[in-house]
Amino acid sequence: MLEVQNLCKSFGSLAVLQGVDLQVETGDVISILGPSGSGKTTLLRCLNFLERADEGLLRFDGAEYAMHKAGKKEIAAIRQKTAFVFQNYNLFRNKNALQNVTEGLVAGRHMPKAEAVERGQQALAKVGMADRAAYYPHQLSGGQQQRVAIARAIATRPKIIYFDEPTSALDPELTGEVLAVMRQLAKEGMTMLVVTHEMAFAREVSNKVIFMEQGQVVEEGEAASFFQAPQKARTRAFLGHMGGYAPLP
């Protein structure tokens, strides 16, 4: 469904991504782990062209793109099939929950307003926010705001959703409600690429895990074997520090 080869990105003299390869199949839930500064967020942003890669080949949904040369029409075509959930929600402060969900459908995708409203209401219901449709962001908790952001993502009916540390801005008691929504999406077969520090989520929900450091993929594998028998010493050290290492008895 999605394949990336030799993705490179530098900011000045700092090489943030150094030849990253990635393969995503339909229905995959892939967690991307790694210490701060390892390039995880930059990887997601390059995949959705929020950052321009210096080099890399992207194959997505039957088409192939040179990532450093893709034009506006190609990028727009990719974004029609993807969605991005940010750390800090990125909601419009002057629009209520439903309007936040429908704005992109109407303005960006030129969907008739009545259809957008119907789809927006369905998306809010899916994330447990149907009764908060008329609430503005300042009237919602952080967890509720992030659920609105997820509703905005799923309302576009994307082929893949990129989640950039979706619980990092939340208090611990609000994290669970967002992870519950993501678990449900995984059960329904949504393809997701998730940058996260939530080891329990990565272990329980992901079918694949990637560990990055210094702009490179150090190790990747099926979730069960990744957490129970990581092959690299650096991976074992990271998981041990994060409380995610669960070796076989």
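Heads up: the structure comes first, above all this text.
In this report, we go over the structure that sits alongside the text. Predicted, not measured: the structure shown is a model, and the values here were computed from it. The residue numbers shown here count from 1 along each chain, following its written sequence. In keeping with the model being predicted, local features are shown solely for residues with a pLDDT of at least 70 and side-chain atom pairs are shown and tallied solely at 80 or more, while totals for entire chains, interfaces and linings include all residues. To get the side-chain values, all heavy atoms of the structure are used, and hydrogens and water are removed first.

1. Structural notes on the nonpolar core
Put simply, a nonpolar core is a bunch of buried Ala, Val, Leu, Ile, Met, Phe, Trp, Tyr and Cys residues held in one set by side-chain atoms that sit within 4.5 Å of each other. Only protein chains enter the calculation, and the probe is 1.4 Å; a residue is then buried if its accessible area is under 20% of its type maximum, exposed if over 50%, and partly exposed in between. Core analysis: the biggest nonpolar cluster contains 39 residues, and Leu-124, Ile-150 and Phe-163 have the highest contact counts within it. Elements supplying a minimum of two residues to this core: strand 6 (82–85), helix 3 (97–108), helix 4 (113–126), helix 5 (142–155), strand 7 (160–164), helix 6 (172–187), strand 8 (192–195) and helix 7 (199–205). When sequence neighbours within four positions are dropped, the list of residues in contact with Ile-150 reads Val-85, Val-127, Phe-163, Val-178, Val-181, Met-182 and Leu-185. By size, the runner-up hydrophobic cluster in this structure holds 31 residues, among which are Val-4, Ile-160, Tyr-162 and Leu-193. Secondary structure elements follow DSSP: runs of H or I of four or more residues count as helices, runs of E of two or more count as strands, with numbering from the N terminus. By definition, residues are in contact when any of their heavy atoms lie within 4.5 Å.

2. Comments concerning unusual backbone geometry
Phi is positive for Asn-90, close to 55°, though the residue is something other than glycine. Judged by relative accessible area, Asn-90 falls into the partly exposed class, the value being 42%. With phi around 55°, Arg-157 is a residue other than glycine that occupies positive phi space. Relative to the helices and strands, Arg-157 resides in the loop between helix 5 and strand 7.

3. As for the sheet that holds strand 6
Strands sit in the order 6-7-8-3-9-10 across an open sheet of six strands; the sheet is mixed. At either margin of the open sheet sits one strand with a lone partner, and together these are strand 6 and strand 10 (216–222). Averaged over all pairs of adjacent strands, the angle between strand axes in this sheet comes to 15°, irrespective of strand direction. Here strand 9 (residues 208–213) pairs with strand 10 via six bridges, running antiparallel. Looking at strand 10, one finds that Phe-211 is bridged to Glu-219. Convention adopted: a line fitted to C-alpha atoms gives each axis, helices being fitted over their contacting stretch, and angles between N-to-C directions are expressed from 0 to 180 degrees. Across the sheet, helix 6 lies against strand 3 (29–33), strand 7 and strand 8, angled at about 150° from strand 8, the strand it touches most. At least two DSSP bridges between two strands are required for those strands to pair.

4. Considering the packing of aromatic side chains
Two rings from Phe, Tyr or Trp (for Trp, the six-membered ring) form a pair when their centres sit within 6.5 Å of each other. Planes less than 30 degrees apart are called stacked, planes more than 60 degrees apart edge-to-face, and all others tilted. Counted according to the given criterion, the structure contains four aromatic pairs. Between Phe-84 and Tyr-162, the ring centres sit 6.3 Å apart and the planes meet at 55°, which makes this aromatic pair tilted. Of this pair, Phe-84 sits in strand 6 while Tyr-162 sits in strand 7, and the two are 78 residues apart along the sequence. A residue is classified by how much of its surface remains accessible, and Tyr-162, at 1% relative accessible area, is buried. Ring centres of Phe-211 and Phe-238 lie 4.9 Å apart, and the angle between their planes is 35°; on these two criteria the pair is classed as tilted.

5. Quick look at helix 4
The periodicity of an α-helix, 3.6 residues per turn, causes residues three or four places apart in sequence to face the same way. Each residue after the first adds 1.5 Å to the expected span of a helix. A rise of 1.5 Å per residue sets the reference length of helix 4, with its 14 residues, at 20 Å; its end C-alpha atoms lie 20 Å apart and thus fit the reference within 8%. Among the residues making up helix 4, those that are buried are Ala-116, Arg-119, Gly-120, Ala-123 and Leu-124. Seen end-on, helix 4 carries its buried residues on one side only, within an arc spanning 140°. Contacts from the buried residues of helix 4 go to helix 3 and helix 5. Of the residues flanking the end of helix 4, it is Gly-128, one or two places downstream, whose phi is positive at about 75°. Each direction from the helix axis to a C-beta atom contributes to the arc, which is the arc of those directions.

6. Focus: the packing of helix 3 against helix 4
Here helix 3 crosses helix 4 at 130°, and the two axes come no closer than 9 Å. Here helix 3 lies oblique to helix 4, going by the angle between them. You can see that helix 3 and helix 4 cross each other, and the crossing is right-handed. Contacts between helix 3 and helix 4 involve Ala-97, Leu-98, Val-101, Thr-102, Leu-105 and Val-106 from the former and Lys-113, Ala-116, Val-117, Arg-119, Gly-120, Gln-121, Ala-123 and Leu-124 from the latter. Just so you know the grouping, Ala, Val, Leu, Ile, Met, Phe, Trp, Tyr, Cys and Pro go in nonpolar, Asp, Glu, Lys and Arg go in charged, and all remaining residues, Gly too, go in polar. In terms of residue class, the contact of helix 3 with helix 4 is built from nine nonpolar, three polar and two charged. Angle categories are assigned with fixed cut-offs, so that under 35 degrees is roughly parallel, over 145 is roughly antiparallel, 65 to 115 is roughly perpendicular, and the rest are oblique. In this scheme, a crossing is called left-handed if the near helix is turned counterclockwise away from the far one by less than a right angle; it is called right-handed if the turn is clockwise.

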